[in-house]
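Take a look at the letters that make up each chain.
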Amino acid sequence: MTYIAADARYDAMPYRRVGRSGLKLPAISLGLWHNFGDDKPLETQRAILRRAFDLGVTHFDLANNYGPPPGAAETNFGRLFAQDLRPHRDEIIISTKAGYHMWNGPYGEWGSRKYMLASLDQSLSRMGLEYVDVFYSHRPDPDTPLEETMGALDTAVRQGKALYVGISNYNPEQTREAARILAGLGTPLLIHQPSYSMFNRWVEDGLLDALDEVGAGSIAFSPLAQGLLTDRYLDGIPAGSRAAGASPFLTAEGITEETLATVRALNEIARRRGQTLAQTAIAWILRGGRVTSALIGASSVRQLEDNVAAVGNLDFTDGELAEIEKVLAR
């Protein structure tokens, strides 16, 4: 069936300016890290992408190695984009990254100019795109001069293959230095993509301050702590969940009774707010406006809709914030 985008797609989603740039991102963006590889039905992926755009999610985030197998998420997205979303290309932000292992040999990972630019060409080919809106250095390379990696990002913009550039997983000092180098090249640092959730608050120890200083935005991945900050684990670890499987990102050993007690207490706060735990966890990430966008994943349309509904209540009282801090400090 031919896809026709919803007329009301921009009515409910807030859009936030990215740092000091002219670009705005939806408060909630969709990441294709999980659920868009060859292990998932293409029709499920199509339904999620269509519904996301209908809900005002205009930003789709990928990386070269997302799958499985690596590259599959970009290939699948490219097929679905061509079939459904290409008429809306100028309404959509598409990002990809390079930095983690993608192919064998000495040029298949990290931050060399050779790898970064070759990877971007491959990504564009897989997605069937002339350019991406944002191209990221996915992680800092301890053995490559930062000037080389940032120079590759600058070249991508000058070649017309990316409109903006970003970094991910860089610490505050690396972020300041990357921004300084990029500013000198004339290609400002647009955005940083760090992990951030109620259970992972490292960005509060200097990174958000650094981003304020350099005028860059931020988009937080894993705001639900790989699913832990949802109602799925309120009664323990269910069969078929990520923690019950082989995921290295959320393991059964890492979910203690103390952690579950914290999750249940947070769920009670969410219930009083009229939200699911996932909605409150996303809203909490977006509190105060210092984070530009929360980057969610989705395995179903229902899950997507529940998470995007967080934008219905992004405000917290001082009492709610204090209660959340007390629960997290246990």
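Being a predicted model, the structure only gives us computed values, none of them experimental.

A. Molecular detail of the overall build of the protein chain. Scanning the protein chain for helices and strands turns up 10 helices and 10 strands. Computed over C-alpha atoms, the radius of gyration of the protein chain comes to 19 Å, within 12% of the 20 Å expected from 2.2 N^0.38 for 330 residues, which places it in the range of a compact globule. Expressed as lengths along the three principal axes of its C-alpha atoms, the size of the protein chain is roughly 50 × 50 × 40 Å. Residues counted as buried form 55% of the 330 residues belonging to the protein chain. Sequence separation of at least 24 residues holds for 74% of the intrachain contacts in the protein chain that already meet a minimum separation of 6. Carbon and sulfur atoms form 50% of the exposed surface of the protein chain, whose accessible area is close to 14,100 Å². Of the side-chain charges in the protein chain, 33 are positive and 40 negative, and the distance between the mean point of each set is 2 Å.

B. Region of the structure containing the layout of surface pockets. Taken as a whole, the second largest pocket encloses approximately 170 Å³ of empty space. Taken together, 11 residues make up the lining of the second largest pocket; nearest its centre are Ser197, Asn200, Ser222, Ala225 and Gln226. Its residues assigned to classes, the lining of the second largest pocket comprises five nonpolar, six polar and no charged.

C. Looking closely at the packing of helix H1 (residues 42-54) against helix H2 (residues 72-85). Taken N-terminus to C-terminus, the directions of H1 and H2 make an angle of 55°; their axes are 10 Å apart at the nearest point. In terms of their interaxial angle, H1 and H2 are classed as oblique. Both H1 and H2 take part in a crossing whose hand is right-handed. Taken together, the residues of H2 that come into contact with H1 (itself represented by Leu42, Gln45, Arg46, Leu49, Arg50 and Phe53) are Asn76, Phe77, Arg79, Leu80, Gln83, Asp84 and Leu85.

D. Geometry of the nonpolar core. The biggest cluster of nonpolar side chains holds 90 residues, and the ones touching the most others in it are Leu30, Phe60, Phe77, Phe135, Met150 and Leu266. Take this core: its biggest share by element is seven residues, from helix H8 (residues 277-285). What phenylalanine 60 contacts, discounting residues up to four positions off in sequence, is Leu30, Leu49, Ala52, Phe53, Phe77, Leu85, Ile92, Ile93, Ile94 and Ser95. In this structure, Leu23, Ile93, Tyr136 and Leu295 belong to the second largest nonpolar core, which totals 11 residues.

E. Quick peek at the pairing of strand S9 (residues 217-221). Counting buried positions over the five residues of S9 gives five, a clear majority of the element. In S9, alternate side chains face the same way, and those of Gly217, Ile219 and Phe221 on one face and Ser218 and Ala220 on the other are all buried. Taking the sense of rotation as the criterion, the β-α-β connection linking strand S8 (residues 189-193), helix H6 (residues 207-214) and S9 turns out right-handed. One ladder, built from three bridges, connects S9 with strand S10 (residues 293-296); its direction is parallel.

F. Geometry of the sheet that holds strand S6 (residues 132-137). The strand order around the closed barrel built from eight strands is S3-S4-S5-S6-S7-S8-S9-S10, with neighbouring strands paired in parallel fashion. Between one strand axis and the next, the sheet turns through 30° on average, direction left out of account. Inspection of the sheet shows S6 paired to strand S7 (residues 162-168) by five bridges, in the parallel sense. Looking at S7, one finds that tyrosine 136 is bridged to glycine 166. Taken strand by strand, helix H4 (residues 146-158) contacts S6 and S7, and its axis lies near 155° from that of S7.

G. Spatial organisation of the packing of aromatic side chains. Under the defined criterion, the tally for this structure stands at seven aromatic pairs. Between phenylalanine 60 and phenylalanine 77, the ring centres sit 5.9 Å apart and the planes meet at 45°, which makes this aromatic pair tilted. Taken together, the positions of phenylalanine 60 in strand S4 (residues 59-61) and phenylalanine 77 in helix H2 put the pair 17 residues apart, joining distant regions of the chain. Of the residues examined, phenylalanine 60 reaches a relative accessible area of 0% and is grouped as buried. Judged by its relative accessible area of 1%, phenylalanine 77 falls in the buried class. An aromatic cluster is defined as three or more aromatic residues linked by ring pairs; in this entry it consists of Trp33, Tyr66 and Phe221. Here lysine 97 stacks its cationic end above the ring of tyrosine 136, 5.7 Å away from the centre of that ring. Its guanidinium or amino end placed over the ring of tryptophan 284, arginine 287 lies 3.7 Å from that ring's centre, counting from NZ or CZ.

H. Representation of the pattern of salt bridges. In this structure the tally under the stated criterion is 23 salt bridges. Where arginine 89 meets aspartate 133, a salt bridge forms, and the shortest distance between an N and an O atom there is 2.9 Å. Of the two residues, arginine 89 is situated in the loop between H2 and strand S5 (93-98) and aspartate 133 in strand S6; the sequence distance between them amounts to 44 residues. With relative accessibility at 11%, the residue arginine 89 sits in the buried group.

The rules behind the values
- Residues numbered from 1 in each chain as written.
- Predicted model: local features only at pLDDT ≥ 70, side-chain atom pairs only at ≥ 80, totals over all residues.
- Heavy atoms only, no water.
- Helix = DSSP H or I, 4+ residues; strand = E, 2+ residues; numbered from the N terminus.
- Rg over C-alpha atoms; globule rule 2.2 N^0.38 Å.
- Buried < 20%, exposed > 50% of the residue type's maximum accessible area, 1.4 Å probe, protein only.
- Contact = heavy atoms within 4.5 Å.
- Areas by Shrake-Rupley, 256 points an atom, 1.4 Å probe, with all protein chains shown as cover.
- Lys, Arg positive; Asp, Glu negative; His and termini not counted.
- Charge placed at Lys NZ, Arg CZ, Asp CG, Glu CD.
- 1 Å grid on protein atoms, 1.4 Å probe; cavity = no way out; pocket = protein on both sides within 12 Å on 5 of 7 lines; lining within 4 Å.
- Points joined across faces, edges and corners; volume = space filled by probe spheres on them.
- Nonpolar A, V, L, I, M, F, W, Y, C, P; charged D, E, K, R; others polar.
- Axes fitted to C-alpha atoms, helices over the stretch in contact; angles between N-to-C directions.
- Parallel < 35°, antiparallel > 145°, perpendicular 65-115°, else oblique.
- Left-handed = near helix turned anticlockwise from the far one by under 90°.
- Core = buried A, V, L, I, M, F, W, Y, C linked by side-chain atoms within 4.5 Å.
- Right-handed = clockwise from strand over helix to strand, strands pointing away.
- Pairing = 2+ DSSP bridges.
- Phe/Tyr/Trp six-rings, centres within 6.5 Å; stacked < 30°, edge-to-face > 60°.
- Lys NZ or Arg CZ within 6 Å of the ring centre and 35° of its normal.
- Salt bridge = Lys/Arg side-chain N within 4 Å of Asp/Glu carboxyl O.

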